[in-house]
Amino acid sequence: MAVNQGFSIGDRVEAIEDNTQGVIVSIDQGIALVRTEDGFELEFELYELVPQLAHQPLNMAAAAHKQKEVQQEARKKHKQKQQPKRAKTIPPMEVDLHIEKLVKDHRRLMPHEHLEIQLDRAKRSIDLAIQKKLPKLVLIHGVGEGVLKAELHFLIGRYDGLRHEPADYQKYGQGATLIHVSQKASRW
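These numbers come from a predicted model, not from an experiment. (Residues numbered from 1 in each chain as written. Predicted model: local features only at pLDDT ≥ 70, side-chain atom pairs only at ≥ 80, totals over all residues. Heavy atoms only, no water.)

Draft legend 1. Examining the pairing of strand β4 (residues 21-28) more closely. For strand β3 (residues 12-15) and β4, the ladder comprises 3 bridges, and the chain directions are antiparallel. Bridge pairing in β4 links R12 to V23. Taking the residues between adjacent antiparallel strands as the criterion, β3 and β4 are bridged by 5 residues. With 6 bridges connecting them, β4 and strand β5 (residues 31-36) associate as antiparallel partners. The partner of I27 across the bridge, within β5, is A32. Connecting β4 to the next strand, β5, in antiparallel fashion are 2 residues, including Q29 with a positive phi near 50°. (Pairing = 2+ DSSP bridges. Helix = DSSP H or I, 4+ residues; strand = E, 2+ residues; numbered from the N terminus.)

See the structure below:
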């Protein structure tokens, strides 16, 4: 008789999940063909089966119970393996470049000083994202006249391994840029 994972052809078994009982007529690659008492032939994976206790000698009942527990544990592990693994996603680092978020008394500054401060903060944020190997960075620049956005895109272009696109419209509107940081990204 062929033996597979403790079962042999001719063994009386029952399914863990339902009351199906029968005799194993064949075993192939972890699948047992079981002929039920009604004459039907059903396929079960071996981890779904346990020896039929009613037809086991008394000293085998404890061993069969233990085997049933082992089979249930194997079934749980099998189900866990089948579940798709979720990729761990790191939320992007967000940097708000609105001048009022960067400087307390911004009203006394000239417009070109605003831009210098914003670009400096953006550059430091990009450098930090590269250093910390963060996969994404969102620079919130606002809509305005588009000067800061254009300068940011020019700045991003000076780095190797960065690419950018508009950030999530529903979350940021048109006033943010999403930067993808590759593992090979480097400062210029």
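Still to come is the rest of the account.
Draft legend 2. Molecular detail of unusual backbone geometry. In this model, Q29 sits at a positive phi of 50°, which is unusual for a non-glycine residue. Here Q29 is to be found in the loop between β4 and β5. Classification of Q29 as exposed rests on a relative accessible area of 75%. Backbone geometry at K133 places phi at a positive 55°, although glycine is not the residue there. Locating K133 in the fold gives a position in the loop between α3 (111-131) and β9 (136-140). (Buried < 20%, exposed > 50% of the residue type's maximum accessible area, 1.4 Å probe, protein only.)

Draft legend 3. Geometry of the pattern of salt bridges. A complete count under the given rule lists 7 salt bridges for this structure. E94 serves as the salt-bridge partner of K171, at 3.0 Å between the closest nitrogen and oxygen. With K171 in helix α5 (residues 169-172) and E94 in strand β8 (residues 93-96), this pair connects stretches of sequence that are 77 residues apart. Its relative accessible area of 56% is what places K171 among the exposed residues. Of the charged contacts in the structure, one is a salt bridge between D105 and R108, with a shortest N-O distance of 3.5 Å. (Salt bridge = Lys/Arg side-chain N within 4 Å of Asp/Glu carboxyl O.)

Treat this as a map of the structure, not an account of what it does.
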